[in-house]
Amino acid sequence: MIKQTLEKLKPRLESPIPLLVFEAAEAVRPLARRFPETIGPLALEWSGSVSFSLRLSAHLLLLECGGPWAEPSRVRGMLREVAQLSEEEWKQQSWDGTNLSGQRARGWLRLPHEFVDKSLVLLVEEQSNPEHDELIMRVGMQERGTLSASLGLFHRLDRERFKALFEWQDLMMAEALVGLVSSKPEIEPPPSRDWDILDFILRITPESPSGAVASANSNQAFALGRFICGLGFSDEMSLGDTVTFLTRIGDSEQKDLIGRAAVVALGIYPLLLRQEALALLDCARGPVSWLSLMEVMAVMLKLPRLPVTPDWKKAAKLELSGSDLVLALSHPSWAVSHIAAQLLECGAGGQDVPEMLEQRSRALREYEDEHLVRHVLTLAPVLWGARRSAAVLLPLLAPPVSLLNSRLYEALPWLYRQERSEVIVECLLRGIESPDSGVAHRAAEALLEIAELLPTNALDVLSRSTEGWAWREPRCERHPQAAVEGRVCSACRTVLSHPKVPLLKLLLRKGYLGVEQGLRLIQSPDQEVQRIAAAALVSQPTAERLAELIRKGAEQQLPACVMEQVLALEAIHLREVQSELMALLRSHWAALRERMIEALATAEWVRRDEALRCARSALQDPVPSVRNQAVMTIRYLVAQEIVTGA
């Protein structure tokens, strides 16, 4: 069984594409742990391959086999090869290797990084040797392992023996923290940050009774684990906001207010939270360094991951300062601002909160505040109502509108359903005229939501605007110099947002996208635009027009999405062009023949016996995929006959 598995994987292991090699090696890893005597000799043979990807995979398999197969000198030789790779070469092997289609695989390949992890863990246990220690520090400074390896090595590395690595990591951590917590990079941030998580918990909890001893186990610190999970810091995706929250930024009144409310909402016993924090977070004092960060993260990763359902209505009954809650909406930490919004939505802060929020929101024209903009969208219906929301939000959307403030367009569909004011429609129409495609896209999305309510004169303006956007392409913010075609950036392969898609959908829904426009737009490189244009082409399904579309589709003058739209029409329309559709079964285009055989299975425009006869004829097709589809269609039709006969 093992040999058969390896025989099947051999072509992939010998592939020149790193992604395929690493995927095949990942499949062998569990076998290496269970059957080292079988996998070990093969991995040893592969370790001498000319392919770097296969050599790297083989050495990882040897490490998985363990025992005599994980020979330090052999591992050290492969690790030296990794260290000698340039950044571009390492990236090709470990980050964006090509996939089967020849395109870049946008993903992180774990195997190369995990080889570095396991190699370092093995080699740091060896006796000190200047040459070998230099290799370990070199690879460590190249950051070619994973974060889990950093945490694993932290307690194994000798501070004196690897002093240079610790000093380098400390410097890098200082620079990383500057990038994470600095919201205005043009202003030079402070050189260092201080820990605040322990002091924060001590500020929001009462002092322990005299004589109480602070002791706790990370795995059983349920109060601290519940608190951290309740704040949303239980996964790696929240690392940036975690650092922002755990470090000291300005005054602490807003964060302390939120902390006290969170303790109540999460149902945490304050004294127990204080005791666990004192026992486990003593390392979170003073300036943030790499050493202290590793210790804090080691504690965080061991805390119990507990499901939490905060009761913000209960916390809102506390005496909470309305002004502090409104100010907290703009706090740099998303956790603080989000909890403040939850409390305000539940009625916390008193009767003056709507007025205070209005005053703060009107200043958004003068400064940008992403957190406040997001929370205004959810709080406006609750605290202001429709008329007051319109009075506050519409002036903020007067041209020019920044990309950040353009999120406020999301509130206008709700306002228009409440007020039906022409001023709101005019605001959205001005939005799609913005030179910024991102701003125009958000305005167009809002218009699409209220398409059924738009007046006729607005549709005329929309038609003119759509003509201006239809053949333009957005610009990728990450790669400004890269070419963009069909809204896809050639550098990162990201599909970018653009107003032409929602605008075309709106016109199609309202019947303002005709056949002539559809024929022009069907030539667009944008697949979404092609689908909208195809729907426009069949919006008036006369027999003559359908016959023409079928003929052009058979000649490959139109993309395949047009034929899909034709086949999706009601049977009453397709019966009028039955002969043209049946002729497609004899097309020289194999993909079209296969699709038509598939359509026969559920087609109501042709008799079942005729469909069965055509499917059986397709069993003689020279293309295997067409024959396979014919078999499935025949099975389906025969099963239908049995069911209806019964």
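Just so you know, these numbers come straight off a predicted model, no measurement behind them. Every residue gets a number counted from 1 within its own chain, in the order that chain's sequence is written. Local features are withheld for residues below a pLDDT of 70 in this predicted model, meaning they are given only at 70 or higher, and side-chain atom pairs are given and counted only at 80 or more; totals for whole chains, interfaces and linings count all residues. Values reported for side chains reflect all heavy atoms of the structure, with hydrogen atoms and water molecules removed beforehand.

Participant: What exactly am I supposed to notice about the overall build of the chain here?
Facilitator: A run of H or I in DSSP becomes a helix once it reaches four residues, and a run of E becomes a strand once it reaches two; helices and strands are each numbered from the N terminus. Counting secondary structure elements, the chain contains 36 helices and 2 strands. For the chain, buried positions account for 48% of its 646 residues. Contact criterion: two residues are considered in contact whenever any of their non-hydrogen atoms come within 4.5 Å of each other. A separation of at least 24 residues holds for 71% of the contacts in the chain among residues at least 6 apart in sequence. For the chain, the exposed area adds up to about 32200 Å²; of that, 51% sits on carbon and sulfur atoms. Burial status follows relative accessibility: with a 1.4 Å probe on protein chains alone, a residue under 20% of its type maximum counts as buried, one over 50% as exposed, and anything between as partly exposed. For every accessible area listed, the method is Shrake-Rupley and the probe measures 1.4 Å; residues are considered covered only by the protein chains on display.

Participant: Just to check I follow, could you spell out the side chain of Glu358 for this structure?
Facilitator: Among the structural elements, Glu358 can be located in helix α20 (residues 353-362). Polar contact criterion, stated in full: a pair of N or O atoms within 3.5 Å, where within protein one must be able to donate a hydrogen and the other to accept it, and residues adjacent in sequence count only if both atoms are side-chain atoms. Looking at Glu358, its side chain comes within polar contact range of the side chain of Arg388, at 2.8 Å. With sequence-adjacent residues up to four places away left out, Glu358 is seen in contact with Trp384, Arg388 and Val392.

Participant: Even after reading the chapter, I still don't get the confidence of the model for the chain, so can you show me in this structure?
Facilitator: When pLDDT is low, close inspection of the predicted coordinates is not appropriate. Every residue gets a pLDDT, meaning the predictor's confidence in that residue, from 0 to 100. For the chain, mean pLDDT is 85; residues scoring 70 or higher make up 90% of the total. Low pLDDT, under 50, characterises residues 96-108; the stretch is placed with 29 contacts to residues that sit more than four places away or in other chains. This stretch, residues 178-191, has a pLDDT under 50; its non-local contacts, to residues over four places away or in other chains, come to 11 contacts.

Participant: In this structure, what is going on with the packing of aromatic side chains? I would like to understand it.
Facilitator: Note on aromatic pairs: the rings of Phe, Tyr and Trp (six-membered ring only in Trp) are paired at centre separations within 6.5 Å, and the planes decide the class, stacked below 30 degrees, edge-to-face beyond 60, tilted for the rest. Going through the model one piece at a time under the given rule, you end up with 3 aromatic pairs. Here Phe200 and Phe245 contribute two aromatic rings whose centre-to-centre distance is 5.3 Å and whose plane-to-plane angle is 90 degrees, an arrangement assigned as edge-to-face. One end of the pair, Phe200, is in helix α11 (residues 197-204); the other, Phe245, is in helix α13 (residues 239-246), and 45 residues separate them in sequence. Of the two residues examined, Phe200 and Phe245, each falls in the buried class. Centre to centre, the rings of Phe233 and Phe245 are 5.2 Å apart; their planes meet at 55 degrees, and the pair counts as tilted. With Phe233 in the loop between α12 (222-231) and α13 and Phe245 in helix α13, the pair connects residues that are 12 residues apart, well separated along the chain. In this pair, the class of Phe233 matches that of Phe245, namely buried. An aromatic cluster of three or more residues is present, and its members are Phe200, Phe227, Phe233 and Phe245. Remark: a charge is flagged as sitting over a ring if the NZ atom of Lys or the CZ atom of Arg is within 6 Å of the ring centre and within 35 degrees of the ring normal. The aromatic ring of Trp334 is capped on one face by Arg374, whose charged end is 5.9 Å from the ring centroid.

Participant: How should helix α29 (residues 527-537) be read in this particular structure?
Facilitator: What sets the pattern is the α-helix's 3.6 residues per turn: residues three or four places apart point alike. Among the 11 residues of α29, 9 are classified as buried, and the element is accordingly described as predominantly covered. Every buried residue of α29 is accounted for by Glu528, Val529, Gln530, Ile532, Ala533, Ala534, Ala535, Ala536 and Leu537. For α29, the elements touching its buried residues are α27 (500-509), α28 (515-521), α30 (543-554) and α31 (560-567).

Participant: Explain the environment of Thr494 to me, please; I cannot follow it from the model alone.
Facilitator: As for its placement among the helices and strands, Thr494 is situated in the loop between β2 (488-489) and α27. Judged by relative accessible area, which is 25%, Thr494 ranks as partly exposed. Spatially, the C-alpha atom of Thr494 lies 10.0 Å from that of Arg478, the residues being 16 residues apart in sequence.

Participant: Would you explain the pattern of salt bridges in this entry?
Facilitator: Close approach of charged atoms lets side chains of opposite charge pair. Salt bridges, as used here, are contacts in which a Lys or Arg side-chain nitrogen is within 4 Å of a carboxyl oxygen on Asp or Glu. Summed over the entire model, instances satisfying the criterion amount to 33 salt bridges. Taking the shortest distance from any N to any O, the salt bridge between Arg29 and Glu26 comes out at 3.3 Å. A residue pair is termed a helical-turn pair when its members lie 3 or 4 positions apart in one helix, as Arg29 and Glu26 do in helix α2 (residues 18-34) at 3 residues. Relative accessible area serves as the criterion here: at 6%, Arg29 is assigned to the buried category. The shortest N-O distance in the salt bridge between Arg80 and Glu131 comes to 3.9 Å. Separated by 51 residues along the polypeptide, Arg80 in helix α5 (residues 72-84) and Glu131 in helix α8 (residues 130-142) bring together distant segments of the chain. The exposure class of Glu131 is exposed, given its relative accessible area of 52%.

Participant: What am I meant to see in the packing of α11 against helix α15 (residues 270-280) here?
Facilitator: For any two helices packed against each other, the geometry is given by the interaxial angle and the distance between the axes. Axis lines are fitted through C-alpha atoms, for helices just across the contact stretch, and the angle between N-to-C directions can take any value from 0 to 180 degrees. One way to put it is that α11 packs onto α15 with a least axis distance of 9 Å and a crossing angle of 155 degrees. Overall, the two elements α11 and α15 adopt an arrangement that is roughly antiparallel. The interaxial crossing formed by α11 with α15 has left-handed handedness. Contacts from Leu198, Ile201 and Leu202 of α11 reach α15 at Leu273, Arg274, Ala277 and Leu278. Residues belonging to the contact of α11 with α15 are distributed by class as follows: 6 nonpolar, no polar and 1 charged. Any angle from 65 to 115 degrees is called roughly perpendicular, while one under 35 is roughly parallel, one over 145 is roughly antiparallel, and all others are oblique. In this scheme the crossing of two helices becomes right-handed for a clockwise turn of the near helix relative to the far one and left-handed for an anticlockwise turn of less than a right angle. Amino acids are sorted into nonpolar (Ala, Val, Leu, Ile, Met, Phe, Trp, Tyr, Cys and Pro), charged (Asp, Glu, Lys and Arg) and polar (every other residue, Gly among them).

Participant: Mind showing me how you'd approach the nonpolar core here?
Facilitator: Generally speaking, nonpolar side chains in soluble globular proteins are found buried as a group. The set of buried Ala, Val, Leu, Ile, Met, Phe, Trp, Tyr and Cys residues whose side-chain atoms join them within 4.5 Å is what this entry labels a nonpolar core. If you look at the biggest cluster of nonpolar residues, it comprises 195 residues, and the most contacted ones within it are Phe227, Leu343, Tyr409 and Leu462. When residues in this core are grouped by element, the largest group, 9 residues, is from helix α4 (residues 52-65). Not counting the four nearest positions on each side in its chain, Leu343 is found in contact with Ile258, Ala261, Trp312, Ala315, Ala316, Leu320, Leu325 and Ala348. Counting 5 residues, the second largest nonpolar core, distinct from the first, contains Cys476, Val484, Cys489 and Leu496.

Participant: In this structure, what is going on with unusual backbone geometry? I would like to understand it.
Facilitator: Working note: non-glycine residues mostly have negative phi, and peptide bonds are mostly trans. Each neighbour pair has its own omega, and for Pro399 with Pro400 the value is -5 degrees, a cis peptide bond. Mapping Pro400 onto the fold places it in the loop between α22 (386-396) and α23 (412-419). For Arg420, which is not glycine, the phi torsion reads 50 degrees and is therefore positive. Structurally, Arg420 can be placed in the loop between α23 and α24 (422-432). The exposed category is assigned to Arg420, whose relative accessible area is 51%.

Participant: Looking at this model, I keep getting lost on the environment of Glu548. Mind explaining?
Facilitator: Tracing the backbone shows Glu548 in helix α30. Note on Glu548: relative accessible area 36%, which makes it partly exposed.

Participant: How do you make sense of the packing of helix α25 (residues 437-449) against α27 when you look at a structure like this?
Facilitator: Packing of α25 against α27 leaves a shortest axis separation of 8 Å and a crossing angle of 25 degrees. In terms of their interaxial angle, α25 and α27 are classed as roughly parallel. Along this stretch, α25 crosses α27, giving a crossing that reads as left-handed. Here His441, Ala444, Glu445, Leu447 and Leu448 of α25 come into contact with α27, specifically with Pro502, Leu503, Lys505, Leu506 and Arg509. Tallied by class, residues from the contact of α25 with α27 come to 6 nonpolar, 1 polar and 3 charged.

Participant: What exactly am I supposed to notice about the environment of Gly66 here?
Facilitator: Here Gly66 lies in the loop between α4 and α5. By relative accessible area, which is 18% here, Gly66 ends up buried. Considering only alpha carbons, one finds Gly66 and Gly40, 26 residues apart in sequence, at a separation of 8.9 Å.

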